[in-house]
2 protein chains.
Amino acid sequence: MKALEEKIIREGKTAAGDVLMVGSFLNQQIDTGFALEMGKEFYRLFKDDNVTKIFTIEASGIGLACLAATFFRVPVVFAKKSKTSNISGEVYNAAAHSYTHNCENTITVSKEYILPTDRILIIDDFLAAGSSLSALVSIVKSAGATLVGAGIAIEKEYQGGGNLHRKNGVRVESLAKIRSMSGGKIVFCDD
Amino acid sequence: MKALEEKIIREGKTAAGDVLMVGSFLNQQIDTGFALEMGKEFYRLFKDDNVTKIFTIEASGIGLACLAATFFRVPVVFAKKSKTSNISGEVYNAAAHSYTHNCENTITVSKEYILPTDRILIIDDFLAAGSSLSALVSIVKSAGATLVGAGIAIEKEYQGGGNLHRKNGVRVESLAKIRSMSGGKIVFCDD
């Protein structure tokens, strides 16, 4: 999605430790008009797959997932990174390493919200090493639901997570794929 | 909003410790069609207030805020509950007690996303004792921005946070106001 690549170049900031900051439109401030455009693009890609639910992980994925859901007209379910008093009953758990927090999380979702009859589209803002995506995929499998694919805003392709999942048969569609970010210069796969 | 009260009665579950679970449509699974209706109601209430940004707190508020933003056509900014590597530069901080996690959080937002020229509408899913709302309000004040008001999905009126903020001059509009929840029976203020 050319408009996303242009926005990353215009507004994104790189920082030490291989960090790409897109807080001005995706991570902390959400440019909701632009996120709707990304949602429409996910819909174009997955509209024939009879998606019944969009599945994401707190926190930055939720806005994008909800705006995409306005096109699919399905509910959004988000996995939580910690157990809280407002989740009850049986849950699915999966381990995920958080790249931005540099810690291990156990992500949690109530069993009642991911059903064997569901056709799940995973949506997330970032895909790097692929740990969050692995955790979400493993929950979809545990539930016996059908995984339609994953729609990602920004993939750091050089970190390998996306291609690992593709090799495992997951349809991963990323709206912007970054080939390299060395020295603060962002190069996209289709440059 | 009668439709929300009916949905709470139909789908909500009460639990020990004064907990109301609305995970089926607001907290874990988001009924995006219904959340859009709530967003439209916030727009009806605040459409003449020249809102420039919607401000919320991760995680459950984000979906509702983004869907409401499709009517206001403004960006959403969300405060984070922990500092991560993708926030840089100067930040505003405020202390908040989390009711569902039973812990103290320091919430954080980059100074660049709340400006003195902004007219802020706070949106959140729950208002009980009002600690999260206090933290959000204090950040808006620190930034020198104008607080237009707060749009809340569900207020537990008997916990006093909403009325405390109203007494302090904040316009708090709650789509469902719960007067009592004793013995698992939910009574609304307009019952």
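Heads up: the structure comes first, above all this text.
Residues numbered from 1 in each chain as written. Chains lettered and ligands numbered in written order. Predicted model: local features only at pLDDT ≥ 70, side-chain atom pairs only at ≥ 80, totals over all residues. Heavy atoms only, no water.

Caption draft 1: Spatial organisation of the overall build of chain A. Tallying secondary structure elements over chain A gives 6 helices and 11 strands in all. Relative to a compact globule of 191 residues, whose C-alpha radius of gyration would be 16 Å, chain A shows 16 Å and is just as compact. With the C-alpha coordinates aligned to their principal axes, the bounding extent of chain A is approximately 50 × 35 × 35 Å. Residues classed as buried in chain A amount to 55% of the 191 residues present. As displayed, chain A has an accessible area near 7,500 Å², and 49% of this comes from carbon and sulfur atoms. Seen as two clouds, the 22 positive and the 21 negative side-chain charges of chain A have centres 1 Å apart. (Helix = DSSP H or I, 4+ residues; strand = E, 2+ residues; numbered from the N terminus. Rg over C-alpha atoms; globule rule 2.2 N^0.38 Å. Buried < 20%, exposed > 50% of the residue type's maximum accessible area, 1.4 Å probe, protein only. Areas by Shrake-Rupley, 256 points an atom, 1.4 Å probe, with all protein chains shown as cover. Lys, Arg positive; Asp, Glu negative; His and termini not counted. Charge placed at Lys NZ, Arg CZ, Asp CG, Glu CD.)

Caption draft 2: Layout of the side chain of A:E58. Topologically, A:E58 is positioned in the loop between β4 (53-57) and α4 (60-72). It is A:K80 that comes nearest to the buried, bridge-free A:E58 among opposite-charge side chains, at 4.8 Å. Ignoring anything within four residues of it in the chain, the contact list for A:E58 reads A:F78, A:A79, A:K80, A:K81, A:S82 and B:A59. (Salt bridge = Lys/Arg side-chain N within 4 Å of Asp/Glu carboxyl O. Contact = heavy atoms within 4.5 Å.)

Caption draft 3: Region of the structure containing the packing of aromatic side chains. All names here are of chain A. Considering all chains together, one arrives at 6 aromatic pairs over all chains under this definition. Ring geometry for F25 versus F34: centroids 6.1 Å apart, planes at 85°, classification edge-to-face. Judged by its relative accessible area of 13%, F34 is buried. Through successive ring pairs, a cluster of aromatic residues spans Y43, F71 and F72. (Phe/Tyr/Trp six-rings, centres within 6.5 Å; stacked < 30°, edge-to-face > 60°.)

Caption draft 4: Fine view of the environment of A:R119. Residues and elements named next belong to chain A. When you line up the elements, R119 lands in strand β8 (residues 119-127). For R119, a relative accessible area of 28% corresponds to the partly exposed category. In contact with R119, not counting residues within four places along its chain, are D49, N50, V51, T52, K53, T146 and V148. A polar side-chain atom of R119 sits 2.9 Å from the main-chain carbonyl oxygen of D49. (Polar contact = N/O pair within 3.5 Å; in protein donor to acceptor, adjacent residues only side chain to side chain.)

So, to be careful, I would describe these as geometric facts and stop short of saying anything about function.
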